[in-house]
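Now for the letters of each chain:
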Amino acid sequence: MNLKPDPVRLEIFNNLYQFIAEQMGIVLQNTAMSVNIKERLDFSCAIFDASGSLVANAPHIPVHLGSMSESVRSLIKDKQDSIKPGNVYISNNPYNGGTHLPDVTVITPVFSPVFTFPPSPTRRGAGGEVEEIDKNLLKPIFYVASRGHQADIGGITPGSMPPHSTTIEEEGILFDNILLVESGIFQDKIIQKVLTNHQYPARNIQQNIADFKAQIAANNRGLQELQKMVEKYSLEVVQNYMQFVQDNAEESVRKVIDVLQDGEFTVQLDNQATIHSKIKINKTTRGAIIDFTGTSPQLDNNFNAPFAITQSVVLYVFRTLVKDNIPLNDGCLKPLQIIIPKGSMLNPQYPAAVVAGNVETSQNIANCLYGALGIMAASQGTMNNFTFGNKKYQYYETICGGSGAGKNYHGTDAVHTQMTNSRLTDPEVLELRFPVLLESFSIRKNSGGQGKYHGGNGVVRKVRFLETMTAGILSSSRVNSPFGLAGGEAGKTGKNYVTKKSGISQQLNSTATVQMQPGDTFVIETPGGGAFGKDITDLD
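Quick notes on the rules
- Residues numbered from 1 in each chain as written.
- Predicted model: local features only at pLDDT ≥ 70, side-chain atom pairs only at ≥ 80, totals over all residues.
- Heavy atoms only, no water.
- Helix = DSSP H or I, 4+ residues; strand = E, 2+ residues; numbered from the N terminus.
- Rg over C-alpha atoms; globule rule 2.2 N^0.38 Å.
- Buried < 20%, exposed > 50% of the residue type's maximum accessible area, 1.4 Å probe, protein only.
- Contact = heavy atoms within 4.5 Å.
- Expected span 1.5 Å × (residues − 1).
- Polar contact = N/O pair within 3.5 Å; in protein donor to acceptor, adjacent residues only side chain to side chain.
- 1 Å grid on protein atoms, 1.4 Å probe; cavity = no way out; pocket = protein on both sides within 12 Å on 5 of 7 lines; lining within 4 Å.
- Points joined across faces, edges and corners; volume = space filled by probe spheres on them.
- Nonpolar A, V, L, I, M, F, W, Y, C, P; charged D, E, K, R; others polar.
- Pairing = 2+ DSSP bridges.
- Axes fitted to C-alpha atoms, helices over the stretch in contact; angles between N-to-C directions.
- Parallel < 35°, antiparallel > 145°, perpendicular 65-115°, else oblique.
- Left-handed = near helix turned anticlockwise from the far one by under 90°.
- Disulfide = S-S within 2.5 Å.
- Lys, Arg positive; Asp, Glu negative; His and termini not counted.
- Salt bridge = Lys/Arg side-chain N within 4 Å of Asp/Glu carboxyl O.

Scanning the chain from N- to C-terminus turns up nine helices and 22 strands. Relative to a compact globule of 540 residues, whose C-alpha radius of gyration would be 24 Å, the chain shows 23 Å and is just as compact. Principal-axis analysis of the C-alpha atoms gives the chain an extent of 80 × 55 × 40 Å. Taking all 540 residues of the chain together, the buried fraction comes to 60%.

Below, the structure is given as structure tokens:
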């Protein structure tokens, strides 16, 4: 075969790979039980080559997608020759490619379509004779994976997003490449045992299992579509174009690097931890070094971001600089050398708590990188993670805010930014499934920074409780404002507070847990984005 890609075919395969991931997502949304996956779309689906490198994904959650390849590689390394057709694996280990424990990844190996199930070492030839199958075909040719945010996976608070956890044990159940399906049989008893045999067990095991099965179904769609592609185009063509797609992404990022400049930036979190990034551009090699040396050491709170998350943010930021319509994949990482000191808050070691690292620290890593490149002012710098629940109900949502302004554009109001891409649950569904009322949801006017290009506005969200429940907020940018660039003003910090039924207000910190009584209202005012430039008279 010609080892140079045909440009037309390259575009076709680009779209085919993304289409398969999109089909997986549709199946997952349609078959899931939890509001988190079905309504908020807090999930991601992707396909990987035989080595575990990300090939293509649907436009789902950025922080999931850039880190999933680490989970797949971990499985390959851990299980090696024991990976067989009909097996499906489950993992959420933050120290092995995971993000935080609620984000559970289901991984399915894809084998050659010559197999019927259960697999046999022999098959019938064209003349009916028995012939042995090439042993190389007994190895996976691809992998498919789906990552979904579980509504609850155990831990010290309902919703498994504890604001004040200090160890991974307090955040829920840890799966590390466990067999979810063996030889086509769902491992129900084993999974139930894992979910219950814990100091802080899962609160709604049947919902967990239903969502796991939805992820299996999504992966099966991906498996089937990849096998159809192999039957139509041949394994050699499909594998070669998987490599071509990654090579094309690599070259696209190198073209971006050609026009970038060195930069350095520091972002401080509300808990006084700092993220420091230094970007060094090498014009000769057309590569870049992204060095996080100088970042705070591993923290005794849960704002530690696992290595896979930090890498995922770097991948996301450089992919967003590419104007071409290419799938996010591991090719984007090849021109980049990432230095993350071991034992820092961006590369923590077991048993560090990490639940906020995925959702909060990731946002601030992105802001720090954009700041170092001088491209964009800070977006809200938080996902405003709001959880509530009791033994019967568990709910989690992330809340939109203002995006940062950049060269020649304003920030956007009320939008999920950077490492999150989930939806908010429709009010009707929220009030139908949970004993709460959405009192109001509105734009927080004048919360974006002012400048030549203004930052986007945040929102105000008020939820009134009808039953006694535990509520938690895990947020950032309540003390330190989202920064402006090039003289632009910072965005306004966010606010969290509870208005009691009596009318008394209780102010809350960036991270807080509170008991809500019937009639109490939880209010979240999200931050605005920073502005870019200070000369407002030059507006077009």
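Take the environment of F175 next. Looking at where F175 falls in the secondary structure, it is placed in the loop between β7 (142-149) and β8 (178-182). For the pair formed by F175 and N93, sequence separation is 82 residues and the distance between their alpha carbons is 6.0 Å. When near neighbours in sequence (up to four residues on either side) are disregarded, F175 contacts I90, S91, N92, N93, I153, I191, V194, L195 and F212.

What follows is about helix α1 (residues 7-31). End to end, α1 covers 37 Å across 25 residues, agreeing with the expected 36 Å (1.5 Å per residue, within 8%). On its buried side, α1 packs onto α2 (35-38), β1 (43-49), β2 (54-57), β7, α5 (205-233) and α6 (235-257). Of the residues flanking the start of α1, the one acting as N-cap is D6, its side-chain oxygen 3.1 Å from the backbone nitrogen of V8.

Right, let's talk about unusual backbone geometry for a bit. The residue after Y350, namely P351, is reached through a cis peptide bond having omega 5°. The topology assignment puts P351 in the loop between β13 (336-339) and α8 (355-373). Of note, N384 is a non-glycine position whose phi angle comes to about 50°, a positive value. Structurally, the position occupied by N384 is in the loop between α8 and β14 (385-389).

Bringing empty space enclosed by the protein into the picture now. Following the criterion strictly, the structure yields two cavities of 30 Å³ or more and no others. Reported here for the largest cavity is a volume of approximately 70 Å³. Lining the largest cavity are 16 residues; nearest its centre among them are D42, I61, V359, M383 and Y396. If you list the elements that add at least two residues to the lining of the largest cavity, you get α3 (62-79) and α8. Looking at the lining of the largest cavity residue by residue, the classes come out as six nonpolar, seven polar and three charged. In this structure, the second largest cavity occupies an estimated 30 Å³ of space. Lining the second largest cavity, in full, are T157, P158, M161, P163, T387, T470, A471, G472 and T513. Here the lining of the second largest cavity takes three residues from strand β18 (residues 469-474), the largest share from any one element. Residues of the lining of the second largest cavity, tallied by class, amount to four nonpolar, five polar and no charged.

Another aspect to go through is the sheet that holds β1. Taken in spatial order, the seven strands of this open sheet run β2-β1-β7-β4-β3-β8-β9, and their pairing is antiparallel. Every other strand in the sheet has two partners, leaving β2 and β9 (185-186) as the edge strands with one partner each. Relative to β8, strand β3 (residues 88-91) is paired through three bridges, and the arrangement is antiparallel. Pairing of V88 across the sheet is with V181, part of β8.

Moving on, we get to the packing of helix α4 (residues 188-196) against α5. In contact at an axis separation of 11 Å, α4 and α5 are set at 130° when each is read in the N-to-C sense. With respect to each other, α4 and α5 are oriented oblique. The element α4 and its partner α5 pack so that their crossing is right-handed. Residues D188, I191, Q192, L195 and T196 of α4 touch α5, and the partners they reach there are I205, Q206, N208, I209 and F212. By residue class, the composition of the contact of α4 with α5 is five nonpolar, four polar and one charged.

Turning our eyes to something else, we now look at the sheet that holds β18. A sheet is described by the order of its strands in space; here four strands give the open sequence β15-β14-β18-β21, paired in antiparallel fashion. Taken across any chain shown, the strands that pair with only one partner, and hence form the sheet edges, are β15 (394-397) and β21 (511-516). Sheet twist, expressed as the average angle between the axes of neighbouring strands with direction ignored, equals 15°. For β14 and β15, the ladder comprises four bridges, and the chain directions are antiparallel. For F386, the partnering residue across the bridge sits in β15 and is E397. Relative to β18, α8 is tilted by about 45°, and along the sheet it contacts β14, β15 and β18.

Applying the stated criterion across every chain, the model contains zero disulfides. C332 takes part in no disulfide bond, and the closest cysteine sulfur, belonging to C45, lies 19 Å away.

Where β8 and β9 come together, two bridges link them in antiparallel fashion. When the sheet's bridge partners are listed, V181 is paired in β9 with F186. In this antiparallel pair of consecutive strands, β8 and β9, the connection spans two residues, and S183 shows a positive phi of 50°.

Looking now at the side chain of E360. By the secondary structure assignment, E360 is in helix α8. It turns out E360 is buried and unbridged, and the closest side chain with the opposite charge, R478, is 6.0 Å from it. One polar contact links E360 to T382, side chain to side chain, over a distance of 2.6 Å. Not counting chain neighbours up to four residues away, the residues in contact with E360 comprise F303, G381, T382, M383, N384, N385, L474, S475 and S476.

Another aspect to go through is the pattern of salt bridges. As enumerated under the stated definition, the model contains 13 salt bridges in all. Between D152 and R203 there is a salt bridge, with its nearest N and O atoms 2.9 Å apart. One end of the pair, D152, is in the loop between β7 and β8; the other, R203, is in the loop between α4 and α5, with 51 residues separating them in the sequence. The buried category is assigned to D152, whose relative accessible area is 2%. Take R203: its relative accessible area is 27%, and that puts it in the partly exposed class. For E397, the salt bridge identified is with R461, shortest N-O distance 2.7 Å. With E397 in strand β15 and R461 in strand β17 (residues 458-465), the pair connects residues that are 64 residues apart, well separated along the chain. Of the two residues, E397 and R461, both sit in the buried class. In the salt-bridge network here, residues are joined through shared partners; they are E70, R73 and D330.

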